[in-house]
Amino acid sequence: MTTQDNSQRPLVTGEGDALSEQLVSFRQMVLERGADLYRDLPWRRSRDPYEVWISEVMLQQTQVSRVDGRWQRWLSRFPSIRALADAEAAEVLDEWQGLGYNRRALSVWNAARQIAEAGGAMPSEVSQLVALPGIGSATAAGIRAFAFNLPGVYLETNVRTVFLHELFPEAEGVPDRVLVPLVEACCPPNADDPHDDPRTWYFALLDYGAWLKRSVPNPSRRSAGHVRQSRFEGSHRQKRAMAVRVLLARGADGVTTESLSKELTKQEQIAGRDAISPEDARTLLDELAREGFCSANGDVWSI
């Protein structure tokens, strides 16, 4: 089922810079709900751009409960951008284990090295942020809002949930191109009002959106871009993660394709799945090497 144009048009067009009456009412409701539902999460007590950045990356496709504790541990091990930039890839990947999507850890590490080379200060401009590895438009907007209290289009799943639930209650397949102007129009333009600045506004959206996802059928599924996450057990993603763990465990000694094949086969057969051939193990290693996870010395692979 696709959204009809006339189901989207009436929502919120204002004249000039003025918000429509509907959006004004919507904003007030979100601020009130956000105040009632506010979550005092550890990273919200920080305005340090590095600390905010790490929280934003960790929270991507990861439950808040899993990040609380891991964020603090990360900052204890890598307390600054320079400390992270000076670390070895193996240290960074080791600390990331259990958070999923190891590419995010390598992207953070590579971005930290770029920032350190440029002087060590986290940029605040969108163009500079999105030029860094692993930072897209939503992460950039989150850093700007929560560290610098600057406006932007922070369109992530909880924010999307609120806009769809409140402004498109009957619509299906709503594309982000329809939501982006609304998110942009609703974000306060400056930090003059501490009760309604970009930081407060997006916290309110996040908290109301998280509550909605627990209380009603998830509205974000009505987004045109909604994709159901594929099963992790037995997937290629899981095999990659297992291979990274084996590489980390072997350290400087590394692994051969044969030894990786045997180790992964042992783990797969415990789970009742097929063996991993040396050819399949080599394919995994080649893929990980292309992405910067490991390198080879002959047939010995290490991080």
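This text follows the structure it describes.
The shown structure was predicted, so the numbers you read here are calculated from the model rather than taken from an experiment. (Residues numbered from 1 in each chain as written. Predicted model: local features only at pLDDT ≥ 70, side-chain atom pairs only at ≥ 80, totals over all residues. Heavy atoms only, no water.)

1. Digging into the pattern of salt bridges
Taken as a whole and judged by the stated rule, the model has 15 salt bridges. Glu-287 is the partner of Arg-240 in a salt bridge, and the nearest nitrogen-oxygen pair spans 2.5 Å. Linking Arg-240 in helix α14 (residues 236-250) with Glu-287 in helix α16 (residues 278-290), this pair joins segments that are 47 residues apart in sequence. Owing to a relative accessible area of 9%, Arg-240 belongs among the buried residues under this scheme. In this structure, Glu-291 and Arg-240 form a salt bridge, with 2.8 Å as the shortest nitrogen-oxygen distance. Linking Glu-291 in the loop between α16 and β1 (295-297) with Arg-240 in helix α14, this pair joins segments that are 51 residues apart in sequence. Residue class for Glu-291 comes out partly exposed when judged on its relative accessible area of 30%. When salt bridges with common partners are traced through the structure, they connect Arg-73, Arg-77, Asp-94 and Glu-95 into a single cluster. (Salt bridge = Lys/Arg side-chain N within 4 Å of Asp/Glu carboxyl O. Helix = DSSP H or I, 4+ residues; strand = E, 2+ residues; numbered from the N terminus. Buried < 20%, exposed > 50% of the residue type's maximum accessible area, 1.4 Å probe, protein only.)

2. Overview of the packing of helix α2 (residues 21-37) against helix α11 (residues 157-167)
It is at 12 Å that the axes of α2 and α11 come closest, and there the two elements cross at 125 degrees. With respect to α11, the element α2 is oriented oblique. Here α2 runs over α11; the crossing is right-handed. For the pair α2 and α11, the contacting residues are Gln-22, Leu-23, Phe-26, Met-29 and Val-30 in the first and Val-162, Phe-163, Glu-166 and Leu-167 in the second. Its residues assigned to classes, the contact of α2 with α11 shows seven nonpolar, one polar and one charged. (Axes fitted to C-alpha atoms, helices over the stretch in contact; angles between N-to-C directions. Parallel < 35°, antiparallel > 145°, perpendicular 65-115°, else oblique. Left-handed = near helix turned anticlockwise from the far one by under 90°. Contact = heavy atoms within 4.5 Å. Nonpolar A, V, L, I, M, F, W, Y, C, P; charged D, E, K, R; others polar.)

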